[in-house]
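Below are the chains, spelled out letter by letter.
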Amino acid sequence: MAVLQGLSGKDNKMVSKSGSSPQDALRRADSGGKSSLKAGAQIIVDTLIEQGVDTMFGYTGGVVLPLFDRLYDAPIKFIIPRHEQGGCHMADAYARASGKVGVVVATSGPGACNLVTGLATAMMDSVPIVALTGQVRTELIGNDAFQEADTTGITRPVTKYNCIVKDAGDLARTVREAFYIASTGRQGPVLIDLPVDVEVAMCRTDGPDEMKLPGYRVRTKGHAKQISMAAKAINKSEQPVLYVGGGVISANASEELRALAEKAHLPVTTTLLGLGSYDQSQPCSLDMLGMHGTAYANYAVQECDLLIAVGARFDDRVTGKVNTFAPNAKIVHIDIDPASISKNVHVDIPVVGDAKAIMAELVKEVEFRERKVWFKRIAEWKKKFPLRYDKNSSTIKPQYVVEELCRQTKGEAIITTGVGQNQMWAAQFYRFSRPRQLISSGGLGTMGYGLPAAIGAQVAMPDATVIDIDGDSGFNMTMAELSTAVQYELPIKVCILNNGYMGMVRQWQELFYGKRYAMSYLSNPDYASVASALGAVGITVDKTADVAGAVKKMLGAKRPCVVDFRIEREENVWPMVPAGKSLDEMNGLDILERLI
Ligand SMILES: Cc1ncc(C[n+]2csc(CCOP(=O)(O)OP(=O)(O)O)c2C)c(N)n1
Ligand SMILES: [Mg+2]
């Protein structure tokens, strides 16, 4: 999509490009009614408020001072992370937990560059964020000015849309467009780059301010004929599977999903990001599919005659080897993003549009079928290959820790995760029953996401129990954010599944690199001491018998709390479909069977 740069704000009168000083200009600004004279920074803040923003995350710096000065008095809660990456993950998790758009601000150059990982994380998982970055004065752009970086250039591949505003008259409209683009269609991050002279420019605000997005069309209503074709295929199918992704959660379509699965009697498997879209305690749940999915989900997908994908994108962690994926299945794909259809896997019946609206239509046309043989087969797989671990081990099993967390929180906590084994154990052993309950970096797989994500989720949901299930190495990456949780009195909980390894990397090295553990070991600090030094509660657990008591203590803590679980060092995640293999070529099933 083209940048907005250069779109004129002709109907708005620029009165002065820059005041004698930014402070003077801002003081002269009138933050009153609609057709008044305002500084650019005030226009931005007013438009954010108009868009319903009441919480922002961000870090200050030279070229965003005018904006921060206006935010100082604004009715917006502001959270300062310890690093802009953390701020971006916080805004991302705030959006995932609340369904609103997350907002993050950073200064030019290093500040903007620090957002890149956070933006890419949000982009891969289709999370609506608006990022505002300061930029050097317009006349300095391209001069290698102090703290100048080509922010729109750097972030173009990791944003749904980005632009630089060079005329204060374009600000209100651009901010509105950013929120609209971020939150509609396939959601994603939008970045607006703001040169400091535009922030201080005085501008009349009586011009037209409708959005100008002629090239941006969102299709929400699905094609009636395609929906009927999908319904007919479902009604005919002997062995169907519903394969559900994070799109169902973004579309707030869990209720429609439940109705569809119930009425048509369909087994449901979800991706990592789809967990929670369908209550895992339901008998039709097959739990998660894919590389570390359940054997019963993977077998069902491989043997189904109809795969109904909703809000999912056939990621390689889900499909395994693409040309042997669901070999006997006709494929229905319901998705808001036309570019996702037949991108990785050939689709027989595409339905483009909003998952909520489409499933609401589909449910009217589907019929109940018992499918006795199919459900019996699934029940057999479930009986033979449930997720298991060694319950008689003398060392702490990570799966037990997650089960205990689930038990003591009655399955109701919001869980954020790091990346690697900890993430997979959280996905396998916590039981999710509602949407927006699991907040995890799926597409990018960003280590260091868990802690800032817990902070963002806790800000969005102050009354919820928010637990970061993290890895030791992932926690190391962003642990300074603990100090953010302390500053804002956010009672987040962090459970470090501390195996003293980059465990998932070690697992691959054990299985595929002859146990040569190249650079997958770090010496870690004592996390309980780190926690208390930063003002949080720190607990260390090294015996299985102490796990339940530590979880209880953690859940009762009023301050942020970190529990360092010294787990079995070389535990593996099973089952595992090795990269490039078919979904039914799972390793570890023999191990699971032996554990009966
Ligand atoms: C920022 C980043 N760097 C590197 C990786 C590659 N990577 C994936 S999992 C992993 C190890 C994670 O170790 P840890 O956080 O201790 O989790 P564990 O697997 O042990 O539970 C690494 C290095 C990544 N996903 N993200
Ligand atoms: Mg580890």
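Residues numbered from 1 in each chain as written. Chains lettered and ligands numbered in written order. Predicted model: local features only at pLDDT ≥ 70, side-chain atom pairs only at ≥ 80, totals over all residues. Heavy atoms only, no water.

Asker: What's the story with the coordination of the magnesium ion (ligand 2) in this structure? I'm lost.
Answerer: Geometry reference: four tetrahedral donors at a metal, ideal angle 109.5 degrees. Six octahedral donors, ideal angles 90 or 180 degrees. Around the magnesium ion (ligand 2), the donor atoms from the protein are Asp472 (OD), Asn499 (OD1) and Tyr501 (O), and they sit 2.0 to 2.1 Å away. On the primary sequence, the residues serving as donors to the magnesium ion (ligand 2) are separated as D-x26-N-x1-Y. Like Asn499, the residue Tyr501 is buried in the burial classification. (Donors = N, O, S within 2.8 Å, 3.2 Å for Na, K, Ca; no water. Buried < 20%, exposed > 50% of the residue type's maximum accessible area, 1.4 Å probe, protein only.)

Asker: Hey, could you run me through the sheet that holds strand β12 (residues 285-288) in this one?
Answerer: What links the strands of a sheet is backbone hydrogen bonding, and the strands pair in either a parallel or an antiparallel sense. With parallel pairing, the six strands of this open sheet are ordered in space as β12-β11-β10-β13-β14-β15. Edge positions in the open sheet fall to β12 and β15 (349-352), since each of these has one partner strand only. The mean angle between the axes of side-by-side strands here comes to 15°, regardless of whether they run parallel or antiparallel. Note that strand β13 (residues 306-310) and strand β14 (residues 330-335) share five bridges and pair parallel. What sits directly across from Leu307, in β14, is Ile331. (Pairing = 2+ DSSP bridges. Helix = DSSP H or I, 4+ residues; strand = E, 2+ residues; numbered from the N terminus. Axes fitted to C-alpha atoms, helices over the stretch in contact; angles between N-to-C directions.)

Asker: Help me out: how do you make sense of the site of ligand 1 in this one?
Answerer: Gln421, Gly445, Asp472, Gly474 and Gly503 are the nearest of the 17 residues found near ligand 1. Contacts to ligand 1 include Met447, whose backbone N or O atom sits 3.3 Å from a nitrogen atom. At a separation of 3.0 Å, an oxygen atom of ligand 1 approaches a polar backbone atom of Tyr501. Elements that contribute at least two residues to the shell around ligand 1 include exactly α18 (421-429), α20 (472-478) and α22 (503-512). Each residue belonging to the shell around ligand 1 can be placed in one class, and the counts come to seven nonpolar, nine polar and one charged. (Near = heavy atom within 4 Å. Polar contact = N/O pair within 3.5 Å; in protein donor to acceptor, adjacent residues only side chain to side chain. Nonpolar A, V, L, I, M, F, W, Y, C, P; charged D, E, K, R; others polar.)

Asker: Can you help me understand the pattern of salt bridges in this one?
Answerer: Pairing is possible between side chains that carry opposite charge, provided their charged atoms lie close to one another. Using the criterion set out here, one finds 27 salt bridges in the structure. Across the pair Arg313 and Asp315 runs a salt bridge, and its minimum N-O distance is 3.6 Å. Close ionic contact of Arg407 with Glu404 constitutes a salt bridge, the shortest N to O distance being 2.6 Å. You can see Arg407 and its partner Glu404 sitting in helix α17 (residues 398-408), three residues apart, about one turn around the helix. Judged by its relative accessible area of 5%, Glu404 falls in the buried class. One network of salt bridges, in which partners are shared, links Asp92, Arg96 and Asp125. (Salt bridge = Lys/Arg side-chain N within 4 Å of Asp/Glu carboxyl O.)

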